[in-house]
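Examination of the molecular architecture
So you can see what is in the structure, the chains are spelled out below.
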Amino acid sequence: MNDQPPDYSSRGFRAYLRKRGIAHTIPERTDQRRHRLRRGGYGRRPPGFDRETYRRRNLIERCFNRLKGSRGIATRYEMTATSYEATVTLASFLLWARSV
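Calculation rules
Residues numbered from 1 in each chain as written. Predicted model: local features only at pLDDT ≥ 70, side-chain atom pairs only at ≥ 80, totals over all residues. Heavy atoms only, no water. Salt bridge = Lys/Arg side-chain N within 4 Å of Asp/Glu carboxyl O. Helix = DSSP H or I, 4+ residues; strand = E, 2+ residues; numbered from the N terminus. Buried < 20%, exposed > 50% of the residue type's maximum accessible area, 1.4 Å probe, protein only. Arc of directions from axis to C-beta. Phe/Tyr/Trp six-rings, centres within 6.5 Å; stacked < 30°, edge-to-face > 60°. Axes fitted to C-alpha atoms, helices over the stretch in contact; angles between N-to-C directions. Parallel < 35°, antiparallel > 145°, perpendicular 65-115°, else oblique. Contact = heavy atoms within 4.5 Å. Nonpolar A, V, L, I, M, F, W, Y, C, P; charged D, E, K, R; others polar.

1. Examining the pattern of salt bridges
- Summed over all chains, the structure comprises two salt bridges.
- A salt bridge links R55 to E52; the shortest N-O distance between them is 4.0 Å. Here R55 and its partner E52 are both found in helix 3 (residues 51–67), three residues apart, which amounts to about one turn of the helix.
- By relative accessible area, which is 52% here, R55 ends up exposed.

2. Examining helix 1 (residues 11–19)
- For helix 1, the complete set of buried residues consists of F13, R14, Y16 and L17. Angularly, the buried residues of helix 1 cover 155° about the axis, an arc narrow enough to put them on a single face. More than 90 degrees from the buried face of helix 1, the exposed residues found are R11, R18 and K19.

3. A short note on the packing of aromatic side chains
- Taken as a whole and assessed by the stated rule, the structure comprises two aromatic pairs.
- Ring centres of F13 and Y16 lie 6.1 Å apart, and the angle between their planes is 25°; on these two criteria the pair is classed as stacked. Of this pair, F13 and Y16 both sit in helix 1, three residues apart, which is roughly one turn of the helix. For the pair F13 and Y16, a shared accessibility class is recorded, and that class is buried.

4. Some details on the packing of helix 3 against helix 5 (residues 81–99)
- Interhelical geometry of helix 3 versus helix 5 gives an angle of 110° and a closest axis separation of 10 Å. In terms of their interaxial angle, helix 3 and helix 5 are classed as roughly perpendicular. Here helix 3 contributes C63, R66 and L67 to the contact with helix 5, which in turn contributes V88, A91, S92 and L95.
- Per-class residue counts for the contact of helix 3 with helix 5 are five nonpolar, one polar and one charged.

Geometry only, nothing functional implied.
Structure (structure tokens):
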């Protein structure tokens, strides 16, 4: 069996996360909601979704994407963990300095 997770918000992906013990914060897509409601009682219950947790997760993901804008972080050219940590710290400081 393929261990790669399927579509991000699909039932299979949620099962994959559950199997690995990871709590999900994935919103249900509109077309999936419509299909579930059309099935009536067979459509099962809607997946749990906490809007506040999703907002915090989105904030962290955007921060990681900004950090990956730094070439050294995105490519991981550093030879040691210490130098990589220093690169992440420097990039974080530069992000903070731009926001002030």
